[in-house]
Amino acid sequence: MAEKKLVEQITPMSEDFAQWYTDIVKKAELADYSSVKGFMVIRPAGYAIWEMLMQALDSRFKASGVQNCAMPMLIPESLLSRESEHVEGFAPEVAWVTMGGKKRLEEKLCVRPTSEVLFCDYYSKIVKSYRDLPQLLNQWVSVIRWEKTTRPFLRTREFLWQEGHTVHATAEEAEERTILMLNIYKDVAENEMAIPVVSGRKTDKEKFAGAIATYTIEGLMHDGQALQCGTSHNFGDGFAKAFGVQFLDKDNQRKTVHQTSWGFTTRMIGALIMVHGDDSGLKLPPRIAPTQIMIVPVQQQKEGVLDKAFSLRERLIQAGFRVKVDDSDRSPGYKFADCEMRGIPLRLEIGPRDIEAGQAVLVRRDTGEKLTAPLDGLEKECGELLERIQSDMLERARRFMKERTTDAKSLEELVSSIDRRPGFVRAMWCGCRECEDKLKEYSGISARCIPFEQEKISDHCVVCGKPASKMVYWGRAY
């Protein structure tokens, strides 16, 4: 049958997780490879998800006082090199422009891997007084980082993101903004994307180049590997000193500003696949699904069926849902499988018998459960069902994370736990960089974050055995 053939195009997750992921990206038409190695084409279905995430984030940003702007794509080499730790951190991934037309440029231009230096240069020109503070800016752009190994959405040489950059009068204000933006990311991940996350601080080894502190939200994928889902950085006054971003305060003293930066990227589309997807394809949480309800007319060639399908679509759109009708000439079975492949949360089937009975069949993508609902009051039924799907998907993902999170008191216990059943391991750490390096070199396991909510697993560092006070989430990561 057509629908069976469509589903068989996806490699089973248990057989080859990486291929399963790639199959969903391609078969659900989220993205495709481009003619430039490491770059991808984000197809309409994939971009529509990104638009939903943009809307969810942008509304929250603006409610917190952030405004959007746009900075140039190119950065002069002399500007990039003014903050030494920052340039050293990004140097291996930088792409350079050396020619303009047929003429060699007097100075190389970097294609932005991130835009800290551009914002710093801008702020140094416009911030003069305490009256100019705070500055709360964000831009929606693409950046280029010349990655060695790439995978659609998860790691590509060009990706879409938002990057926020703010300046403040005091260190306290900068830290408050850093945590506020991290909490916005957590809100969107959990309440819009149904992806549970652990939030906390990165170790110095894992923090952003040039930051005094990096905070992160970490998610756990189906295969037990971690994914960094969003980061927020407190830069202190390091960048400001390098770029001379100063202001005259109320006491008539010249002071240096304190800065933050924060970003959320299209890799989160990859997270959606790997947290919720199954062997039939994508599963989208209703709140960020571009199409929440797909109406599939059964025996659509019969009189009145298509009219009823489009009538129901108009009713549901008026009620605030995002709805489409699949009126293609494919068989109903193919349409059902296609609906599943694309992760549409709710399928509504309507045929001659349903019309006669004054009902429709509703099918949940997350569980496959079918139920009949009267056409009268259909809006209320769909609304309640979509909310139930949203909460059930989050709860299911939370259970998975809980089941795949263990505690360890020794190095052997930590490594064997992740080798046996990949996931997060909570274990104590002394704070020493050498212990992090040793664990990463020995097993490929890294410190994902020092969670805000600390618990005492033991008294000793899991690596060296010395006294420890920090509990860390450890794991292998994308």
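Residues numbered from 1 in each chain as written. Predicted model: local features only at pLDDT ≥ 70, side-chain atom pairs only at ≥ 80, totals over all residues. Heavy atoms only, no water.

## Focus: the packing of aromatic side chains
Piece 1. The tally for this structure, following the rule as stated, stands at 13 aromatic pairs.
Piece 2. Members of the aromatic cluster, connected to one another through ring pairs, are Trp50, Phe61, Trp140 and Trp262.
Piece 3. Sitting over the face of the ring of Trp96, Lys108 holds its NZ or CZ atom 4.3 Å from the ring centroid.
Piece 4. Geometry around Tyr334 places Arg330 over its ring, the cationic atom sitting 4.2 Å from the centre. (Phe/Tyr/Trp six-rings, centres within 6.5 Å; stacked < 30°, edge-to-face > 60°. Lys NZ or Arg CZ within 6 Å of the ring centre and 35° of its normal.)

## Some details on the side chain of Glu218
Piece 1. Tracing the sequence through the fold places Glu218 in strand 10 (residues 213-220).
Piece 2. A distance of 3.1 Å separates the side chain of Glu218 from the side chain of Arg448, its partner in a polar contact.
Piece 3. When near neighbours in sequence (up to four residues on either side) are disregarded, Glu218 contacts Pro196, Val197, Val198, Lys202, Ala226, Leu227, Gln228, Met401, Phe424, Arg448 and Cys449. (Helix = DSSP H or I, 4+ residues; strand = E, 2+ residues; numbered from the N terminus. Polar contact = N/O pair within 3.5 Å; in protein donor to acceptor, adjacent residues only side chain to side chain. Contact = heavy atoms within 4.5 Å.)

## Quick word on the packing of helix 3 (residues 44-63) against helix 9 (residues 267-276)
Piece 1. Remark: helix 3 packs on helix 9, axes separated minimally by 10 Å, with the N-to-C direction vectors making an angle of 105 degrees. Viewed along their axes, helix 3 and helix 9 adopt a mutual orientation that is roughly perpendicular. From helix 3, Gly46, Ile49, Trp50 and Leu53 reach across to helix 9, where they touch Met268, Ile269 and Leu272.
Piece 2. Residues of the contact of helix 3 with helix 9, tallied by class, amount to six nonpolar, one polar and no charged. (Axes fitted to C-alpha atoms, helices over the stretch in contact; angles between N-to-C directions. Parallel < 35°, antiparallel > 145°, perpendicular 65-115°, else oblique. Nonpolar A, V, L, I, M, F, W, Y, C, P; charged D, E, K, R; others polar.)

## Description of the sheet that holds strand 15 (residues 293-297)
Piece 1. In space, the five strands of this open sheet follow the order 16-15-17-18-19, with mixed pairing throughout. Pairing within the sheet leaves two strands with one partner each, and these edge strands are strand 16 (323-325) and strand 19 (370-374). Direction aside, the axes of adjacent strands within the sheet are offset by 25 degrees on average.
Piece 2. Pairing analysis gives three bridges linking strand 15 to strand 16, with the strands arranged parallel. For Met294, the partnering residue across the bridge sits in strand 16 and is Lys324.
Piece 3. Where helix 10 (residues 305-318) meets the sheet, it contacts strand 15, strand 16 and strand 17 (346-350), and its direction lies at approximately 165 degrees from that of strand 15. (Pairing = 2+ DSSP bridges.)

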